[in-house]
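Each chain, written out:
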Amino acid sequence: MTPVRFVPTPTSLIFTVLNEELAMAAFLQSIHELSEKPQEIVIVDGGSTDATVAIIHNWIPPEGVEVRVVVTPGANISAGRNQAIGMASNPIIAVSDAGATLDNRWLERLVRPLGVNADVASGFFVSSGTTFWERAIGAVITPSLSEVDGESFLPSSRSIAFRKSVWEAAGGYPEWLDYCEDLLFDLQLKEDGAVFVFVPDAIASWNARPSLKAFAKQYYRYARGDGKSGLWRRRHLARYSAYALGLALVAAAWLSPWFLVILLAGATVYLAKFLRRVVKARGSLGAETAGVFLLAPLIVVTGDIAKMAGYPAGLSWRSRNQHLWQVAV
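Notes on the structure in this doc start here. (Residues numbered from 1 in each chain as written. Predicted model: local features only at pLDDT ≥ 70, side-chain atom pairs only at ≥ 80, totals over all residues. Heavy atoms only, no water.)

### Structural notes on a nonpolar patch on the surface
Here is the rule: Residues forming no salt bridge and having over 30% relative accessible area are the ones grouped into patches, like charges within 9 Å of each other and nonpolar side chains (Val, Leu, Ile, Met, Phe, Trp, Tyr) within 5 Å. Surface exposure here means Shrake-Rupley accessible area, sampled with a 1.4 Å probe, where a residue is shielded only by the protein chains that are shown. The term salt bridge refers to a pairing of a side-chain nitrogen on Lys or Arg with a carboxyl oxygen on Asp or Glu at a separation within 4 Å. By definition, any uninterrupted DSSP run of H or I lasting at least four residues is a helix, any uninterrupted run of E lasting at least two residues is a strand, and each is numbered from the N terminus.
Nonpolar side chains collect at one region of the surface, where Trp 254, Leu 255, Phe 259 and Ile 262 lie side by side and expose about 480 Å² of accessible area between them. Of note, Phe 259 is situated in helix H10 (residues 257-280).

So this is what it looks like as structure tokens:
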């Protein structure tokens, strides 16, 4: 019997860019290699000052794929995505990130559930990297598939597809928010009753930040976004509590060495998840595995300190700008 070939629903791939000249070639090449191509690509540039737009204009897209590029200086990622989706002419929207590369069956696998009864297809992501620090940070912070509950998974907008109608019903991505905007969008879709399907083999690869300093800045902004949007209060409180307890145990260590033993035991339990990720990534890390394993505590603590600094900054913004987020909500 001849297998029935998958006939894709007309799909628009959208993404935003801002000074992405170093990543554009790999991302555009991954689009060329997709087993199923989008019928349309809509790109919004937020005002790049490097060669990003020139690279896109010089790119020869796959045959039959229409490409539209719009430059909107100052547009944040939410505004850029909303503009691109509003311009898209197809009922299915696939969203990724120019800092990623797409598995050759990413789009085919991602949009297939949307041809049946799903409203949102949640793809997955893995870390890669061209430098040691990119690989090290990515191995530590990227969750493995075994850690993910597909029922509750909130997809990153580097690997997601949805019906344009549910985007409209949700009011689009929140343009008042500069980070964590995709999570707030996901939560609104769920509140609206959109049907999510987890597609773990629709994979986008991404590179972590190239240095600890850049990583800390990124996590500060993520946590500030959490504070601005009012997300994950208990999670952040638990982090503050854990570090406060750790400092108390350090201070009490002079009374009895058992306090230090308790601290080390607690730290081991806390770090175990991150260390397991490094072990699972040993196939790609190769000879770097031992070094990344030793650096994992430093990477975790750096990220935690950045988050603990960023979250109150976000809460402060939220209290000063109620007129923005309350109107949006």
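Still more ground to cover, so stick around.
### Observations regarding the nonpolar core
Using the following cut-off: The set of buried Ala, Val, Leu, Ile, Met, Phe, Trp, Tyr and Cys residues whose side-chain atoms join them within 4.5 Å is what this entry labels a nonpolar core. When accessible area is computed with a 1.4 Å probe and restricted to protein chains, residues below 20% of their type maximum are described as buried, those above 50% as exposed, and intermediate ones as partly exposed. Here a residue-residue contact requires only that any non-hydrogen atoms of the pair lie within 4.5 Å.
Ranked by internal contacts, the top residues of the largest apolar core, which has 29 residues, are Phe 15, Ile 31, Ile 41 and Trp 106. Residue assignment for this core shows that the elements contributing at least two residues are strand S1 (11-17), helix H1 (21-32), strand S2 (40-45), strand S4 (92-96), strand S5 (100-102), helix H4 (106-111) and strand S8 (196-206). If sequence neighbours within four positions are ignored, Phe 15 has contacts with Met 24, Phe 27, Ile 31, Ile 41, Val 42, Ile 43, Val 44, Ser 96 and Ala 98.

### Description of the environment of Gln 83
Along the chain, the position of Gln 83 falls in helix H3 (residues 77-87). Considering only alpha carbons, one finds Gln 83 and Glu 191, 108 residues apart in sequence, at a separation of 23 Å. Filtering out sequence-adjacent residues up to four positions away, Gln 83 remains in contact with Val 44, Val 70 and Thr 72.

### Considering the side chain of Asp 304
Mapping Asp 304 onto the fold places it in helix H12 (residues 289-320). Exposure remark for Asp 304: the relative accessible area of 4% places this residue in the buried category. Among all residues touching Asp 304, those that are not within four sequence positions of it are Arg 239, Tyr 243 and Tyr 270.

### Looking at H1
Operational definition: Residue count minus one, scaled by 1.5 Å, sets the expected span of a helix. Directions are taken from the helix axis to each C-beta atom, and the arc is the one they span.
With 12 residues, H1 should cover 16 Å at 1.5 Å per step; its first-to-last C-alpha distance of 17 Å lies within 8% of that length. Buried within H1 are the following residues: Met 24, Phe 27, Leu 28, Ser 30 and Ile 31. Down the axis of H1, the buried set is contained in an arc of 155°. They therefore lie on one face. H1 presents Leu 22 and Ala 25 as exposed residues on the side facing more than 90 degrees away from its buried surface.

### Quick notes on the pattern of salt bridges
Per the counting criterion, the structure on display carries 13 salt bridges. Salt-bridge contacts for Arg 105 lead to Glu 108; the nearest nitrogen and oxygen are separated by 3.1 Å. Across the pair Arg 135 and Glu 288 runs a salt bridge whose closest N-O atoms are separated by 2.7 Å. A residue pair is termed long-range when its members are at least 10 positions apart, and Arg 135 in helix H5 (residues 132-141) and Glu 288 in the loop between helix H11 (282-285) and H12 qualify at 153 residues. Assessed through its relative accessible area of 21%, Glu 288 is described here as partly exposed. Via salt bridges that share partners, Glu 40, Glu 66 and Arg 68 belong to a single interconnected network.

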